[in-house]
Every structure is written in structure tokens, then in C-alpha cells.
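Below, each chain spelled out in residue letters.
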Amino acid sequence: MSNNTKARLTCENCLVIKQNSPKLNNHDRKSGTLLENNIEELMKSVSFMSTQFDNFSTKLDNVIMELKNIKTENEKIKSENNRLSEEVVILKNKIDEIEQFNSGITVDITGIPKTINENCKLIVEEIGKKTNTEINILEAHRIDSFISKRSIIVAKLATHDMRKNLIRNVKSVKLTADRISSSWQKENIYINERLTKLKRRLFYQAKTAAKEKNYKFV
């Protein structure tokens, strides 16, 4: 039908709506198309960002899992190190006990001045004579002392009884260096059982603590 016929056959309400409906011009159509394109691009961007976020989330979960695994491995390593440290301490103590046992017939002698071309074995023999102690000296030499900060003579005797008797007799007569040689000054001679490095350090620390606290006996 023609437009006139259509207009005559249209009811009043529809006619008013049709007359009031806005007509889109070319500019409006272009704007609508541009808006649709922008919305589509925005949706693509949102979709891309969503995918990126999902990928990042997955990577983050993997990193967290790796960190947990590393933490677990570190705990195992720490536990193993603690166990090994305890074993090392036990082995050190056992070695110290063996060394102390092997040093059971050895004595440390302090208070003997160091001289050129000295014969340590003859000096120890003279100490035995002055204290009326029967001793058989296997070897004797001088070393630096960790405790007294002076050199000492280390003598290895034949038996434990010889070591015990020599220590007791030197203390009882209060032997001094001038009695061994007239050229030496009157300095007290001390003799003690030979200690391992660990026990010498402990002995030195005990003596130092006793001195600081004014203890008479240790």
C-alpha cells in the first residue's frame, strides 16, 4: 500500500509513536557503529586481560608450590646438618678421650727457664733425683704453653705410677729451678699431667674464672 493508505489505516496511538520516533541520520549511524566497535574492542581487551590474569595466577600457584618444596628441602637439610653436627661433637669427644688416654704417662713441667742447646731429658732426670723419684723417661721436649704463655717441657714416662709419683713428690718438696741449676733464678717448678688441647683450654678457662671470682681452690 501507499504511504497515504498506510497512514489512513494506522490507529491514532501508533501514528503518534511513529511521528515522534527519532530518525537516525548518517552521523548518528556512524557514531553508533563507532560505539559498537569500541565496545567490541573493550570486550576483547577485557577478555585478553582475563586470560593474562589466569596465566599469571597459574604461574603464581606454581611459584608458591616451588617455594613450599624448597622450604621442605631446607628443613630436611637443616635437620641433617643438626644431626651431623651432633655426630661431629660426639666424634670430637671420643677423639679427645683417646688422646687423653694416650697422654696418661706424659707430664707438663713449667718453671724451667729455656736455655741454648738444652737437654730436656737430662733436666727431667735431675728433677727425679731432686725429688727422690724413680723414673724412666721415654722422651722429653719443649713446647709453647697455651695456659701459662710460656714454654714448657713435655716428658713421657714409662708407667702411670711414675707419672703419679713425680707429680706428687714435686708438689710435696716445693721444688724450685735454682735447685736444678745454680745459674737459674728461684722460680717454682710445677708439674701436671698432660692434657689434650680441649682439656687445656677448659683448664685455662677454669683458672681464669677462679682468679676473677677470687676462688682460693679450683
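Residues numbered from 1 in each chain as written. Predicted model: local features only at pLDDT ≥ 70, side-chain atom pairs only at ≥ 80, totals over all residues. Heavy atoms only, no water.

Attention now moves to the pattern of salt bridges. Side chains carrying opposite charge are able to pair once their charged atoms draw close together. Going through the model one piece at a time under the given rule, you end up with 9 salt bridges. The partner of Lys44 in a salt bridge is Glu40, and the shortest N-O contact between them spans 3.9 Å. One end of the pair is Lys44 and the other is Glu40, both in helix 3 (residues 26–102) and 4 residues apart, which spans about a single turn. Of the residues examined, Glu40 reaches a relative accessible area of 43% and is grouped as partly exposed. Taking the shortest distance from any N to any O, the salt bridge between Arg194 and Asp108 comes out at 3.1 Å. Of this pair, Arg194 sits in the loop between strand 4 (190–193) and helix 6 (197–212) while Asp108 is found in strand 1 (residues 106–110), placing the two residues 86 residues apart along the sequence. Accessibility expressed as a relative area gives 14% for Arg194, which makes it buried. When salt bridges with common partners are traced through the structure, they connect Glu80, Arg83 and Glu87 into a single cluster. (Salt bridge = Lys/Arg side-chain N within 4 Å of Asp/Glu carboxyl O. Helix = DSSP H or I, 4+ residues; strand = E, 2+ residues; numbered from the N terminus. Buried < 20%, exposed > 50% of the residue type's maximum accessible area, 1.4 Å probe, protein only.)

Its boundaries defined by the atoms lining it, the second largest pocket holds a volume of some 210 Å³. In terms of lining residues, the second largest pocket is bounded by Val170, Lys171, Lys174, Leu175, Asn188, Ile189, Tyr190, Ile191 and Asn192. Listing elements by their share of the lining of the second largest pocket, those giving two or more residues are helix 5 (160–173) and strand 4. No other element matches the 3 residues that strand 4 contributes to the lining of the second largest pocket. Classifying every residue of the lining of the second largest pocket gives 5 nonpolar, 2 polar and 2 charged. (1 Å grid on protein atoms, 1.4 Å probe; cavity = no way out; pocket = protein on both sides within 12 Å on 5 of 7 lines; lining within 4 Å. Points joined across faces, edges and corners; volume = space filled by probe spheres on them. Nonpolar A, V, L, I, M, F, W, Y, C, P; charged D, E, K, R; others polar.)

It is worth spelling out unusual backbone geometry at this point. If you check the backbone angles, Asn132 has positive phi at about 55° while not being a glycine. For Asn132, the location among the structural elements is in the loop between helix 4 (120–130) and strand 2 (137–144). What makes Asn132 exposed here is its relative accessible area of 71%. Even without glycine at this site, Asn214 takes up a positive phi of about 60°. A relative accessible area of 68% places Asn214 in the exposed class.

To continue, consider the sheet that holds strand 3 (residues 151–157). Read from one edge of the open sheet, 4 strands run 2-3-1-4, paired in antiparallel fashion. Of all the strands in the sheet, the pair left with one neighbour each is strand 2 and strand 4. Recorded for the sheet is a direction-independent mean angle of 25° between the axes of neighbouring strands. Helix 4 rests against strand 1, strand 2 and strand 3 of the sheet, and its axis sits at about 110° to strand 2. Set on the sheet, helix 5 makes contact with strand 1, strand 3 and strand 4; between it and strand 4 the angle comes to about 150°. (Pairing = 2+ DSSP bridges. Axes fitted to C-alpha atoms, helices over the stretch in contact; angles between N-to-C directions. Contact = heavy atoms within 4.5 Å.)

Next up on the list: the pairing of strand 3. Regular strands place their side chains on alternate faces of the sheet. Counting buried positions along strand 3 gives 6 out of 7 residues, so the element sits mostly inside the fold. Note that strand 1 and strand 3 share 4 bridges and pair antiparallel. Bridging across to strand 3, Asp108 finds its partner in Val154. Looking at chain direction, strand 2 and strand 3 are connected through 7 bridges and run antiparallel. Following the sheet pairing, Ile137 is matched in strand 3 by Leu157.

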